[in-house]
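# Architecture and fold: a report
Residue strings, one per chain:
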Amino acid sequence: MATKRIVIDPMTRIEGHLKIRTSAENGIIVDARASAEMFRGIEKALIGYDVRVAQHVTQRVCGICPYAHAEAASHALENAMKMKPNPNGQLLRSLITAAYHLQDYLLHFYQLCSLDFIDITSCLKYQGKDKTLLGIKTWIAHELKSSEIFPATPFFPRYEADYSKNDELNISAVKNYADSLAIMADLHKMVAIFGGKAPHPVTLEAGGVTTIPTFGKIAKYKTWFRKAEQFITEKYYNDLLGVLGEFKGYFQEGKGYGNLLSYPYFPDKHGEHFAFAGGATIHGKYQPLDMNLISEDHTYAYYEDLPSTGIKPLMSTQLKPITPNRFEQERDKANGKYSWAKAPRYNGEPMEVGPVARLINTYHSKTNPRLQQKVDQFNRKLGITLADYPSVMGRHLSRFILASETMERIKEQIEELSPNEPAFVEGETPRNARGYGLTEATRGALAHWIETDSKGYIQNYELIVPTTWNISPRDSQGKPGPVEKMLLGTNVNDTDHPIELARIVRSTDPCLACSVH
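In this text the structure is predicted, and so the values were computed from the model without any measurement.

Quick notes on the rules
Residues numbered from 1 in each chain as written. Predicted model: local features only at pLDDT ≥ 70, side-chain atom pairs only at ≥ 80, totals over all residues. Heavy atoms only, no water. Helix = DSSP H or I, 4+ residues; strand = E, 2+ residues; numbered from the N terminus. Rg over C-alpha atoms; globule rule 2.2 N^0.38 Å. Buried < 20%, exposed > 50% of the residue type's maximum accessible area, 1.4 Å probe, protein only. Areas by Shrake-Rupley, 256 points an atom, 1.4 Å probe, with all protein chains shown as cover. Pairing = 2+ DSSP bridges. Polar contact = N/O pair within 3.5 Å; in protein donor to acceptor, adjacent residues only side chain to side chain. Contact = heavy atoms within 4.5 Å. Axes fitted to C-alpha atoms, helices over the stretch in contact; angles between N-to-C directions.

## Here's the deal with the overall build of the protein
Along its length, the protein carries 15 helices and 13 strands. Since a compact globule built from 517 residues should have a radius of gyration of about 24 Å, the 23 Å found for the protein is in line with a globular shape. In terms of overall dimensions, the protein has C-alpha extents of about 65 × 60 × 45 Å along its principal axes. Counting over 517 residues, the protein shows a buried share of 60%. In the structure as shown, the protein presents an accessible area of about 19900 Å², 51% of it carried by carbon and sulfur atoms.

Laid out in structure tokens, this is it:
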């Protein structure tokens, strides 16, 4: 039986450098390995500094989701301090992070994934009067006739594949691809009005948010939000339904294990009653979150061998990267180490994190009836069940449903603010203390752990981020990571143009800058 090696290196339209190596037999993927190709190590850079720097330094992990690191770091320090923000602090923190979530959902659908499905050349047939589309039409025609090595980037080059044949959908998606940029800019303004700047908001601290919500700032936030809400509920919704309808088979692709992990996110003004529940769904059964069940394995990661399994958070200071010589030897071995990412496990199981986990665990928890109703409505409309959500199209659908619920929460919480009142409570620096902070980045479950010394300086710090869960390598039991499992069994129509693999991987929205620390 002929075996064909298929390598995507680098995986484009994601953050950072991810390498996907697969083997196919008669077009079916029988082996898959996801390699994080870059080492960051910001955890180590924090040691010895005042604890309050963490929420600013860890944001530099990523320019796409810095808000989540600021929030998780703040939660970790608050946990060590044994304190919570006041109601204004809770509300402002949620309004900042929620705006970032909406921005990320649009970015992922239009700029990162839509080009896997839509055909931009449909714009060459456009006969209307929209100035944006006429400009794109003229530009594409000029680029394709030019002598450029890569004309019409970032839309080309691309895999030869079964792109949408629906010209109306293609033209609509291209138009909204362009228009979404202005909406995302408005969402960044919503972050900056309370966060001080975007990206990397500076006002999120342990104790709340240092901004005071004036009437003027609240009014501006509402104005920008109304524009974003209209775009999401009309443009994004229609384009998504078009893609879901034309590529419905992808509800059966990229399914993986179906094990789902999420953390509580988007609390009320008292820091309780979260819109999105934490918990784990394993083999179809939901269970409340137990942080003691999290461990890390580095059998196939580029670290020294002992210990290699069952490492708990804050124990990873024992790890040392392998030597450069061993690195060169291992990376070429069939069964050698192959990634800088470690392999987080929950009760020994690989877990998918992200929009599907956030949605399914909340649904099973029965803590958010409105979300359950939205899911049930879409299931009836599309003829799907909960079992179809851990899939390529299920991940795209989940993002929209989560965006819809997030917007409902924003409208509720903006009215609960106390204008011109402080949103920050000062706390004492914790000494000889430990704490952890949980949140949901747009990409999924994010946790920070902190340990301080007798002076209140950082003695140890650890992050386990969403992409580390999703693109983890195999563990000591030989279990593939979640993305690797998603790829296994996939039928690749043309091994020289493996669009199926790209669609699966990009549906999880990898962020390699976040994944290795």
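## Structural notes on the pairing of strand 10 (residues 343-346)
In strand 10, alternate side chains face the same way, and those of Ala 343 and Arg 345 on one face and Pro 344 and Tyr 346 on the other are all buried. Relative to strand 10, strand 9 (residues 294-297) runs antiparallel, the two sharing four bridges. Counted as the bridge partner of Ile 294 is Tyr 346 from strand 10.

## Structural notes on the side chain of Glu 78
The topology assignment puts Glu 78 in helix 3 (residues 66-81). Within the structure, the side chain of Glu 78 is placed 2.8 Å from the side chain of Arg 93, a separation counted as a polar contact. Look past the residues within four positions of Glu 78 in its chain and what remains in contact with it is Met 83, Pro 85, Arg 93, Glu 205, Ala 206, Gly 207 and Gly 208.

## Structural notes on the sheet that holds strand 6 (residues 260-262)
Strands sit in the order 6-7-8 across an open sheet of three strands; the sheet is antiparallel. The sheet is open, and its two edges are formed by strand 6 and strand 8 (285-287), each paired on a single side. On average, adjacent strands in this sheet sit at an angle of 10 degrees to one another, irrespective of strand direction. For strand 6 and strand 7 (residues 279-282), the ladder comprises three bridges, and the chain directions are antiparallel. Bridge assignment links Leu 261 to a residue of strand 7, and that residue is Ala 280.

This is a description of form; function is not addressed.
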